[in-house]
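# Fold and contact review
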Amino acid sequence: MLYSEKVMDHFKNPRNVGKIDNADGIGEVGNAKCGDIMRMYLKIDDNGVITDVKFNTFGCGSAIATSSMATEMIKGKTVDQALELSNKAVVEALDGLPAHKIHCSVLAEEAVKAAVKDYYDKKGIAYDPEMFAGINSCEHCED
Ligand code: FES
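I will try to describe carefully the structure that is included in this document.

What counts and what doesn't
- Each chain has its residues counted from 1, running along the sequence as written.
- Where totals are concerned, whole chains, interfaces and linings use all residues; where local detail is concerned, this predicted model gives features only for residues with pLDDT of at least 70, and gives and counts side-chain atom pairs only at 80 or more.
- Hydrogens and water are ignored here; the side-chain numbers use all heavy atoms of the structure.
- Note on conventions: DSSP H or I runs of at least 4 residues are helices, E runs of at least 2 residues are strands, and numbering of each starts at the N terminus.
- Buried residues are those whose accessible area, probed at 1.4 Å on protein chains only, stays under 20% of the maximum for their type, while exposed residues exceed 50% and partly exposed ones sit between those limits.

## Some remarks on unusual backbone geometry
Here N16, not a glycine, exhibits a phi torsion of approximately 60°, which is positive. Topologically, N16 is positioned in the loop between α1 (5-12) and β1 (25-30). Residue classification places N16 among the buried positions, given a relative accessible area of 13%. A positive phi angle is found at D95, which is not glycine, with a value near 65°. Structurally, the position occupied by D95 is in the loop between α4 (87-93) and α5 (102-123). Judged by relative accessible area, D95 falls into the exposed class, the value being 51%.

Below, the structure is given as structure tokens:
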């Protein structure tokens, strides 16, 4: 089978789809390879713990599955832990993706990073811009 059961499950029943009003961080990214876009919302408490996360994507099934899994993996974690989440870890948690779909998983990782960056910016928390180099911010989704 092309897709693992976990991929199919997260694609058919994606977790944490939607939007958070008054989110503490919003990340919007575009996939340089296919043009698909993703928006991620984070609610973060005073201890830097992600208490809620939601996403919306116009990406393909693999983008939906990886985003769904990524949101599950960062919920309840600190922003520092969320920044360490790699697309590789998400793909592994889904029992793999076909090689030509790996680029879709990058969207989830980058959306998390962009949302944390937005949180840092909003809060005035200093960071090394290098940490967020290479994220393809989305040009389509101006709020
Ligand atoms: Fe664009 Fe998968 S083909 S995110």
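Further notes follow.
## Section: the environment of L2
As for its placement among the helices and strands, L2 is situated in the segment before α1. Given the relative accessible area of 57%, L2 is considered exposed. Along the primary structure L2 and T57 are separated by 55 residues, whereas in three dimensions their C-alpha atoms are 22 Å apart.

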